[in-house]
Amino acid sequence: MKLSVKLAGAAFLSVACGTAPRAEPERPVASPRTTPEPTAAAPASTSTQGAAPAAANVAPATPEPHVKFPPADLTPPEPRSAQPDDGKWQPLGDATRGDRAAGEPRLLYYTRIHPHAVSKFKTVTVVAIDLQRASLGIVAGVDEPESKTVTKEERSGLVPASEQERLLAVFNGSWQARHGHYGMMKDGAEYLPPREDACTLGIARDGSVQLASWPKLSAAAPRLQAWRQAPSCILEEGKLHPELERNDDRRWGGKDPKRQTRRRSAIALGGDGKVLFYGFGDETTVKELALGLRSAGATSAAQLDINYYWVRFLLFGQVGADPLRVTSTLIPKMEHRKRGYVHLAEPRDFFYVLRKPSDAAHDGSDAARPAVNP
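Residues numbered from 1 in each chain as written. Predicted model: local features only at pLDDT ≥ 70, side-chain atom pairs only at ≥ 80, totals over all residues. Heavy atoms only, no water.

**Here's the deal with the overall build of the protein chain**
Link 1 in the chain: Scanning the protein chain for helices and strands turns up three helices and 18 strands.
Link 2 in the chain: Classification of the 374 residues of the protein chain by burial places 57% in the buried group.
Link 3 in the chain: Taking as baseline every contact in the protein chain between residues at least 6 positions apart, the subset at least 24 positions apart corresponds to 72%.
Link 4 in the chain: Accessible surface computed for the protein chain: about 15700 Å², of which carbon and sulfur atoms make up 53%. (Helix = DSSP H or I, 4+ residues; strand = E, 2+ residues; numbered from the N terminus. Buried < 20%, exposed > 50% of the residue type's maximum accessible area, 1.4 Å probe, protein only. Contact = heavy atoms within 4.5 Å. Areas by Shrake-Rupley, 256 points an atom, 1.4 Å probe, with all protein chains shown as cover.)

Below, the structure is given as structure tokens:
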């Protein structure tokens, strides 16, 4: 079996959710840019985030012990709704489709969890990413986040050309600016100032990743190469947000009685900071998404974008002489353009996953491990 847009055992429905923007056609860009993200000095800002110091002033990271990857299989949180493969980590990527993620060593694994006590329709699909051999990047979209300090002309909306040879996957970013004005900074350029109540994903100059509420992360801001914010952390230090404990999810888009289906996404970290998680919730509440991620090993988590059109996790690769493109999706019917992110500029911000240069680079076509289909 192989990972493709025909993944067995799942029937995922179209969805739009909460206060998130309505789905709208994603437009091709007439003249896609091919330059990397801006590296200019930070524009003037009244926030606490200034231009980051030169890398030479940052002490090199101390080597840390290797953490076993993938994580150990987990016990499904709800025995009554659990399915046979729930909690079992399986490699993500199909060599026959050209997915680079199918190259050895495998750096992306997935599992599926049913977080509701009885419902078999509510699912959380979790992707685990080995940050010991993979690195995380972020790109601002041409349109989002809206900013008065960084113009559209300064944005590429593309994975930097210099890094596309190592590109494994792309997944969606955070909310539109009009839905909360959650902050973003990259390479010293502040698109939007930080919100004190926001959950913040930070990427340090040594490539390490942190995820915490802004007051806890702000002290490390001078050492960060980039950060992006989302609504308040749904998980922090292994605990649910107090409002979620009370089943109050209005802060994260809440419920919309007019919508029958919804999709949610989240980014999360394990306690050691060496495993990054992407969570895809189908029909789930915010609380169920958080509980699913916690059962997979996450201790901190932020809900990213919601809405059928904007939630996506895409694998990249090539077949033969074909150009680099999207070769697989995490689940069926994830909206995308085949050459988006690498050739056609994207309107919204996004995260991307690279195989580190020090790791043996394979394109997936000669992967030794057989492909597995969710």
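Text resumes after the structure shown.
**So, the state of the cysteines**
Link 1 in the chain: Within this structure, the stated rule accounts for one disulfide.
Link 2 in the chain: Between the sulfur atoms of Cys199 and its disulfide mate Cys233 the distance is 2.0 Å. Torsion about the S-S bond of the Cys199 and Cys233 cystine: about 90°, corresponding to right-handed handedness. Note that Cys199 is positioned in strand E8 (residues 199-204) and Cys233 in the loop between strand E10 (224-230) and strand E11 (235-236), a separation of 34 residues in sequence. You'll find Cys199 and Cys233 in the same group, each marked buried. (Disulfide = S-S within 2.5 Å.)

**With respect to the packing of aromatic side chains**
How two aromatic rings sit relative to each other is set out by the distance from centre to centre and by the angle between their planes.
Link 1 in the chain: As enumerated under the stated definition, the model contains 11 aromatic pairs in all.
Link 2 in the chain: Between Phe171 and Tyr278 the ring centres are 5.0 Å apart and the planes differ by 55°, which places this aromatic pair in the tilted class. Residue Phe171 is located in strand E5 (residues 167-172), and its partner Tyr278 is located in strand E14 (residues 275-282); the two are separated by 107 residues in the primary sequence.
Link 3 in the chain: When its relative accessible area of 0% is taken as the criterion, Tyr278 is described as buried.
Link 4 in the chain: Look at Phe316 and Tyr341: their rings are 6.3 Å apart centre to centre, the planes differ by 90°, and that puts the pair in the edge-to-face class. (Phe/Tyr/Trp six-rings, centres within 6.5 Å; stacked < 30°, edge-to-face > 60°.)

**Considerations on the side chain of Thr125**
Link 1 in the chain: Topologically, Thr125 is positioned in strand E3 (residues 123-130).
Link 2 in the chain: A distance of 3.2 Å separates a polar atom in the side chain of Thr125 from a polar atom in the side chain of Arg112.
Link 3 in the chain: Excluding residues within four positions of it along the chain, Thr125 makes contact with Thr111, Arg112, Tyr278, Gly279, Phe280, Leu330 and Ile331. (Polar contact = N/O pair within 3.5 Å; in protein donor to acceptor, adjacent residues only side chain to side chain.)

**Section: the sheet that holds E8**
Link 1 in the chain: Judged by pairing direction, the sheet is antiparallel, and its five strands sit side by side in the order E7-E6-E10-E8-E9 without closing on themselves. Strands at the two margins of the open sheet, each flanked by one partner only, are strand E7 (189-192) and strand E9 (209-213). Strand-to-strand twist across the sheet, computed as the mean angle between neighbouring axes with direction ignored, equals 20°.
Link 2 in the chain: Pairing of E8 with E10 involves six bridges; the strand directions are antiparallel. When the sheet's bridge partners are listed, Ala204 is paired in E10 with Leu224. (Pairing = 2+ DSSP bridges. Axes fitted to C-alpha atoms, helices over the stretch in contact; angles between N-to-C directions.)

**Describing the pairing of strand E16 (residues 313-317)**
Link 1 in the chain: Across the five residues that make up E16, a large majority, five, are buried.
Link 2 in the chain: Side chains Phe313, Leu315 and Gly317 project from E16 onto one buried face, and the interleaved Leu314 and Phe316 project onto a second face that is buried too.

**Here we look at the sheet that holds strand E4 (residues 134-139)**
Link 1 in the chain: Pairing within the open sheet is antiparallel, and its five strands lie in the order E4-E18-E5-E16-E17. The sheet terminates laterally at E4 and strand E17 (325-329), the two strands that pair on one side only. Taking each pair of neighbouring strands and ignoring which way they run, the sheet shows an average axis angle of 30°.
Link 2 in the chain: Here E4 runs beside strand E18 (residues 350-355); their pairing, made up of six bridges, is antiparallel. Along E18, the bridge assignment pairs Ser135 with Leu354.

**So, the side chain of Asn172**
Link 1 in the chain: Relative to the elements of secondary structure, Asn172 occurs in strand E5.
Link 2 in the chain: A residue is classified by how much of its surface remains accessible, and Asn172, at 4% relative accessible area, is buried.
Link 3 in the chain: Within polar-contact distance, the side chain of Asn172 engages the side chain of Tyr278 at 2.8 Å.
Link 4 in the chain: Polar side-chain contacts of Asn172 include one of 3.1 Å to the backbone nitrogen of Arg312.
Link 5 in the chain: Those residues within four positions of Asn172 in sequence are excluded, and the remaining contacts are Ser265, Tyr278, Leu304, Asp305, Trp310, Val311, Arg312, Asp349, Phe350 and Phe351.

**Some thoughts on empty space enclosed by the protein**
Link 1 in the chain: Per the stated rule, a full pass over the model turns up three cavities of 30 Å³ or more.
Link 2 in the chain: Reported here for the largest cavity is a volume of approximately 100 Å³.
Link 3 in the chain: For the largest cavity, the lining is made up of 13 residues, of which Asn172, Trp310, Tyr341, Arg348 and Asp349 are closest to its centre.
Link 4 in the chain: Taken together, the residues of the lining of the largest cavity break down into four nonpolar, three polar and six charged.
Link 5 in the chain: As a volume, the second largest cavity reaches approximately 40 Å³.
Link 6 in the chain: Elements represented by at least two residues in the lining of the second largest cavity include exactly E8, E10 and strand E15 (298-306).
Link 7 in the chain: In terms of residue class, the lining of the second largest cavity is built from eight nonpolar, three polar and one charged. (1 Å grid on protein atoms, 1.4 Å probe; cavity = no way out; pocket = protein on both sides within 12 Å on 5 of 7 lines; lining within 4 Å. Points joined across faces, edges and corners; volume = space filled by probe spheres on them. Nonpolar A, V, L, I, M, F, W, Y, C, P; charged D, E, K, R; others polar.)

Any link to function would need more than the numbers given here.
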